[in-house]
Amino acid sequence: MKKSLIACGVLLLLCSCSGASDAEDVADTTDAEQTSLTFFAMDTYVSVALTQGNGEALAEVEAYVLGLEALWATTLESSEVSQLNQEKSLVVSDETLQLLEYACAFSEQVSGAFDISIYPVVKAWGFTTYDYNIPSQSELDTLLTAVNYQDIEMDGNQITLAPDMEIDLGGLAKGYIADGIEAILRDHGVESAMIDLGGNVQLVGSKSDGSQWMVGVSSPDGTDILGGLALTDKAVVTSGGYERYFTDDDGNVYWHIMNPQTGYPADSGIVSVTIVSDSGIYADGLSTSLFVMGLEEASEFWVEHQDFEAVLITDTQDVYVTQGLMDSFSLALEGYEVWGIVP
Ligand code: AMP
Ligand code: MG
C-alpha cells in the first residue's frame with residue numbers, strides 16, 4: 001500500500017487498501033486539464049486534488065480562499081478582524097458577519113467550550129508569535145475578564161466588541177472555507193475531490209474508481225498514523241495538541257487549545273479529537289470544543305446530538321470511536337486500545 005503524506009493534522013492516504021493509486025489522477029498539468037492546486041494561505045498549505053481536470057474551478061477556489069484570508073487573517077493589519085480588534089466597532093462584510101453569527105451560536109451550543117474572544121489569552125501564551133511564555137495568574141485573570149462571546153454585539157453588519165476584547169476566527173475559518181471550496185467545486189460539476197487545509201480534510205464524493213477515500217488519523221504526538229477512516233463525502237477535522245505546543249524546563253507540555261474558563265491549555269485528558277461530519281465548519285468547531293470538554297462531556301454531547309461522529313484519543317492511549325465510525329475506523333498502531341461510544 002502506497003501512502004502519501006499531505007497534511008500534518010489529518011494525514012491523507014491517497015490510495016486505497018486495494019492498492020489502486022490515485023497518484024496519476026492528481027498529477028499537475030495545466031488549464032482545463034489541471035487536477036491539483038497547492039498554495040499557502042491561512043497559515044497552512046491549502047491543497048485541492050481533483051480526479052478530473054477542471055482548471056476553472058481551481059482558479060476560482062484560489063481567489064475565494066485568498067479573498068477570505070484578506071478578511072480574517074489576524075496577521076494582516078488590514079483584515080476586517082484586525083480592524084475590528086483595533087477599533088472595537090466596525091461595519092463588516094456579509095461573509096464576516098455570517099462567520100461571526102455562526103461562531104456565537106456555536107459557542108452557545110457547546111456551552112462556551114469554544115469562544116472566539118479567547119484570542120488575547122492565546123496571544124499571552126505566545127502561540128501567535130511562537131515566542132512562548134507562561135503568563136502569570138494575575139495576567140490571565142485580567143485577560144479572562146474580557147473573554148465572553150456573549151459580549152459581542154451585532155446590529156446588522158455593525159459589530160461591536162467589549163472594550164478589551166479581541167477575537168480570532170481561526171478555530172472555525174478553515175472549516176467555513178472548506179465548505180465554500182466544496183460548493184465551488186460542485187458548482188463546476190466536480191464530483192470527486194479531496195480538499196486539505198492542514199488538518200481540515202473535506203472529501204467530495206468517492207474516489208475516481210468509486211471506492212472510499214482513506215483518511216489517516218495522526219498519532220497523538222503527530223509523528224505517525226494511528227489509524228485510518230474509510231469515508232465518502234465527509235468533512236474530517238482533527239484538533240491535536242501536537243499541532244502547536246511548547247514544553248517548559250520541567251517537561252510540562254502547553255498546547256494551543258485553551259479552556260476559556262481557566263485561560264490555560266485544555267487539560268481534559270484528551271490529546272486529539274477527529275470529527276467526521278457533513279459540514280466542515282461544524283466539524284472544525286467541534287474538534288476544538290470536544291478537546292476542551294474531555295471524554296465524558298464529549299460523549300454526552302455526541303449522544304445528545306448524534307449529527308457528527310468522532311475519534312477521541314486520551315492521554316492513556318485509549319481511542320474512543322463513536323458508533324457511526326466503528327466500521328470505518330481501522331487501527332494501524334500497536335499500544336492503543338479502541339473503545340466504542342454508543343448511545
Ligand atoms: P483548531 O486547530 O481548529 O483546534 O483551532 C485552534 C485555534 O483556535 C488555536 O490555535 C487558537 O488560536 C484558537 N483557540 C484555542 N482554544 C480555543 C477555544 N477554546 N475556542 C476558540 N478558539 C480557540
Ligand atoms: Mg477547530
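In what follows, the structure referred to is the one given above.
Residues numbered from 1 in each chain as written. Chains lettered and ligands numbered in written order. Predicted model: local features only at pLDDT ≥ 70, side-chain atom pairs only at ≥ 80, totals over all residues. Heavy atoms only, no water.

> An account of the sheet that holds strand β6 (residues 158-160) is needed here, citing residue identities and associated values.
With antiparallel pairing, the 3 strands of this open sheet are ordered in space as β4-β6-β5. On the outer flanks of this sheet lie β4 (89-91) and β5 (153-155), each paired with one strand and no other. Averaged over all pairs of adjacent strands, the angle between their axes in this sheet comes to 15 degrees, without regard to strand direction. Sheet analysis places β5 next to β6, joined by 3 bridges and oriented antiparallel. Following the sheet pairing, D155 is matched in β6 by Q158. This element, helix α2 (residues 80-87), spans β4 and β6 of the sheet and lies at about 145 degrees to β4. (Pairing = 2+ DSSP bridges. Helix = DSSP H or I, 4+ residues; strand = E, 2+ residues; numbered from the N terminus. Axes fitted to C-alpha atoms, helices over the stretch in contact; angles between N-to-C directions. Contact = heavy atoms within 4.5 Å.)

> Could you give me a rundown of the pairing of strand β8 (residues 200-204), with the residues and numbers involved?
Burial analysis of β8 places 5 of its 5 residues in the buried class, the great majority of the element. Residues N200, Q202 and V204 point to one face of β8 and V201 and L203 to the other, with burial holding for every one of them. One ladder, built from 4 bridges, connects strand β7 (residues 193-197) with β8; its direction is antiparallel. Counterpart to M194 in the pairing with β8 is L203. Taking the residues between adjacent antiparallel strands as the criterion, β7 and β8 are bridged by 2 residues, where G198 takes a positive phi near 45 degrees. (Buried < 20%, exposed > 50% of the residue type's maximum accessible area, 1.4 Å probe, protein only.)

> Break down the site of ligand 1 for me, with residues and values.
The immediate surroundings of ligand 1 are formed by 16 residues, with D115, S239, H256, M258 and T288 found nearest. Side-chain polar atom of H256 to an oxygen atom of ligand 1: 3.0 Å apart, as the coordinates give it. When ligand 1 sits alone it has 500 Å² of accessible area, and the protein chains cover 92% of it. Taken together, the residues of the shell around ligand 1 break down into 7 nonpolar, 4 polar and 5 charged. (Near = heavy atom within 4 Å. Polar contact = N/O pair within 3.5 Å; in protein donor to acceptor, adjacent residues only side chain to side chain. Areas by Shrake-Rupley, 256 points an atom, 1.4 Å probe, with all protein chains shown as cover. Nonpolar A, V, L, I, M, F, W, Y, C, P; charged D, E, K, R; others polar.)

> Help me get a handle on the coordination of the magnesium ion (ligand 2), residues and values and all.
Taken together, D284 (O), D284 (OD) and T288 (OG1) make up the protein donors of the magnesium ion (ligand 2), found 2.2 to 2.4 Å from the metal. Here D284 pairs with T288, and both are found in helix α7 (residues 280-293), just 4 residues apart, close to one helical turn. Overall, the relative accessible area of 5% leaves D284 in the buried class. (Donors = N, O, S within 2.8 Å, 3.2 Å for Na, K, Ca; no water.)

> I'd like a description of the sheet that holds strand β18 (residues 337-341), backed by residues and values.
In space, the 9 strands of this open sheet follow the order β2-β3-β7-β8-β11-β14-β15-β16-β18, with mixed pairing throughout. This sheet does not close on itself; its edge strands, each paired only once, are β2 (36-41) and β18. In this sheet, adjacent strand axes meet at a mean angle of 10 degrees when their direction is disregarded. Across 5 bridges, the pairing between strand β16 (residues 318-322) and β18 is parallel. Residue pairing across strands places V321 opposite G340, the latter belonging to β18. Against the sheet, α7 makes contact with β8, β11 (235-240), β14 (270-277) and β15 (309-314), and its axis sits at roughly 160 degrees relative to β14, the strand it touches most. On the sheet, helix α8 (residues 295-305) packs against β14, β15, β16 and β18 and is oriented at approximately 170 degrees with respect to β15.

> Hey, could you go over the nonpolar core for me, with residue numbers and the actual values?
W72, I167, L185 and L290 are the most contacted members of the largest nonpolar core, which has 92 residues in total. Not counting residues within four places of it along the chain, the set of residues in contact with L185 comprises V48, L50, A57, V61, V190, A193, I195 and V204. With 11 residues, the next largest nonpolar core counts L140, L144, F246 and M258 among its residues. (Core = buried A, V, L, I, M, F, W, Y, C linked by side-chain atoms within 4.5 Å.)

> Tell me what's going on with the packing of aromatic side chains, and back it up with residues and numbers.
Aromatic rings in a pair are described by how distant their centres are and how their planes are angled relative to each other. Under the criterion given, the structure shown has 17 aromatic pairs. Centre to centre, the rings of Y102 and F106 are 6.2 Å apart; their planes meet at 10 degrees, and the pair counts as stacked. Within this pair, Y102 and its partner F106 are both found in helix α3 (residues 94-109), separated by 4 residues, close to a single helical turn. For Y102, a relative accessible area of 26% puts it in the partly exposed group. (Phe/Tyr/Trp six-rings, centres within 6.5 Å; stacked < 30°, edge-to-face > 60°.)

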